[in-house]
Amino acid sequence: MPAITVEDVTQLVRIPSVGDRPNVRPVRDVTTAPSGLEGEGFPVRRAFAGVDLVDLDPFVHMDQMGEVEYAPGEPKGTPWHPHRGFETVTYMLDGIFEHRDSNGGGGVITNGDTQWMTAGAGILHIERPPAHLVASGGLFHGTQLWVNLPKVEKWAPARYQDLRGSEVTLLASPDAGALVRLIAGDLAGLSGPGQTYTPITMVHATVAPGARLELPWRPDFNALAYVLSGAATVGEGRRVSTGQLVLFGPGDVLRMQADARQDGHAPALEVLLLGGRPIREPVAWYGPFVMNTRDELSQAFEDYRAGRLGTIPAVHHTPSHVVESRPDEEAQDPRPRSTEAAYPARRRRG
């Protein structure tokens with residue numbers, strides 16, 4: 001898992017120590033991501049499956065794509081598809097992925113690069129491996145995160161950011177036992193290159209066997225940790241391993257310690273850390289659109305069918321019913337609402 005790295009972690013700027021009495025965030029829950037297929041058939045782990053939207057806010061969805069070694073002719077991507085109302089963040093660890101969109105954005109990402117697409121009022125895009133990789137086969141591993149937009153930004157013009165791995169802010173833990181890649185947001189007074197409408201922090205950390213990582217974390221942000229590979233204890237001692245998501249409670253420090261013995265495939269702990277300021281607005285999510293109301297979803301599908309977003313195939317493997325969250329009703333029933341919707345066209349196939 002190369003991502004972006006350095007030969008000598010001790011030469012990096014050190015993250016300040018959190019002190020002798022850190023307010024460590026407790027572990028609220030640990031879930032295991034189920035496996036599935038996305039797009040034209042590439043394997044994914046559904047990182048947020050089974051977690052309430054209220055607890056994820058401002059995040060909506062995340063897939064770990066791969067890790068898979070393709071034979072020649074096997075690499076797969078997604079067909080053209082629409083989005084509205086949120087941002088997609090595609091982070092490539094191993095392999096190569098191409099992106100094109102109807103707003104003129106696009107590029108190729110490889111180890112440690114990120115494509116940040118703000119769908120806003122609406123956009124069409126396609127993601128696929130380049131032709132030479134399809135011919136040769138090879139390793140493919142990355143993540144795609146969906147970040148919700150507040151109501152006032154859902155109609156913002158679409159935009160695209162092509163972030164090179166070399167632009168990522170690289171930091172070291174106080175004892176240099178961990179390499180911390182700051183992709184977006186603020187951490188210990190430093191900033192990552194990603195420009196976000198919704199205030200978030202996105203970090204990829206590599207923690208050496210037996211090393212401890214303690215990170216200062218904004219108390220007004222939520223906190224999630226997804227284990228890309230390896231094994232560790234988090235919080236005050238909860239064990240986690242590859243493909244598990246940790247939901248943290250309140251506090252201002254994230255703590256994790258890599259197991260002293262990692263398996264040969266994962267010589268170190270690789271973990272994606274996410275936090276954001278909750279939007280606390282109603283969510284109505286159906287397929288490729290994340291809006292505030294069912295009427296806005298209806299309008300998005302009407303615009304799609306009318307060609308105002310272009311004419312392309314449907315998105316697959318996203319909810320085939322409306323998923324709603326109403327923060328104002330949390331005290332009575334915090335579970336997201338899930339109601340069948342009458343959208344006969346562009347319904348999920350698979």
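Computed from a prediction, not measured in an experiment: that's the story for all the values here. (Residues numbered from 1 in each chain as written. Predicted model: local features only at pLDDT ≥ 70, side-chain atom pairs only at ≥ 80, totals over all residues. Heavy atoms only, no water.)

## Points about the sheet that holds strand β20 (residues 224–229)
Move 1: Strand order in this open sheet of eight strands is β1-β14-β15-β18-β25-β20-β23-β2, and the pairing throughout is mixed. In this open sheet, the two strands that pair with only one neighbour each are β1 (13–14) and β2 (27–32).
Move 2: Looking at chain direction, strand β15 (residues 178–184) and strand β18 (residues 200–207) are connected through six bridges and run antiparallel. From the neighbouring strand, Arg 181 faces β18, where its bridge partner is His 204. (Pairing = 2+ DSSP bridges. Helix = DSSP H or I, 4+ residues; strand = E, 2+ residues; numbered from the N terminus.)

## Describing the layout of surface pockets
Move 1: One number sums up the size of the second largest pocket: a volume of about 380 Å³.
Move 2: If you trace the second largest pocket, you find 26 residues lining it, with Val 54, Asp 55, Asp 57, Asn 222 and Pro 278 closest to the centre.
Move 3: Only α1 (53–56), β5 (59–70) and β23 (244–248) provide two or more residues apiece to the lining of the second largest pocket.
Move 4: For the lining of the second largest pocket, the element with the highest residue contribution is α1, accounting for three residues.
Move 5: Looking at the lining of the second largest pocket residue by residue, the class counts come to 14 nonpolar, four polar and eight charged. (1 Å grid on protein atoms, 1.4 Å probe; cavity = no way out; pocket = protein on both sides within 12 Å on 5 of 7 lines; lining within 4 Å. Points joined across faces, edges and corners; volume = space filled by probe spheres on them. Nonpolar A, V, L, I, M, F, W, Y, C, P; charged D, E, K, R; others polar.)

## What to know about unusual backbone geometry
Move 1: Of the consecutive residues Asp 57 and Pro 58, the connecting peptide bond is found in the cis state with omega at 20°.
Move 2: Here Pro 58 shows up in the loop between α1 and β5.
Move 3: One non-glycine residue, Ala 188, lies in positive phi territory at about 55°.
Move 4: Take Ala 188: it is sitting in the loop between β16 (186–187) and β17 (190–191).
Move 5: For Arg 280, which is not a glycine, the phi torsion comes out positive at approximately 60°.
Move 6: Among the structural elements, Arg 280 can be located in the loop between β25 (269–276) and β26 (283–286).
Move 7: Taking the relative accessible area as the measure of exposure, Arg 280 reaches 59% and is therefore exposed. (Buried < 20%, exposed > 50% of the residue type's maximum accessible area, 1.4 Å probe, protein only.)

## Re the packing of aromatic side chains
Move 1: The full count for this structure, using the stated rule, is five aromatic pairs.
Move 2: For the ring pair Tyr 286 and Phe 301, a centre distance of 5.0 Å and an interplane angle of 70° mean the geometry is edge-to-face. Here Tyr 286, found in strand β26, pairs with Phe 301, found in helix α3 (residues 294–305); they are 15 residues apart in sequence, far enough to count as distant.
Move 3: Taken together, the aromatic side chains of Tyr 286, Phe 289, Phe 301 and Tyr 304 make up a single cluster linked through ring pairs. (Phe/Tyr/Trp six-rings, centres within 6.5 Å; stacked < 30°, edge-to-face > 60°.)

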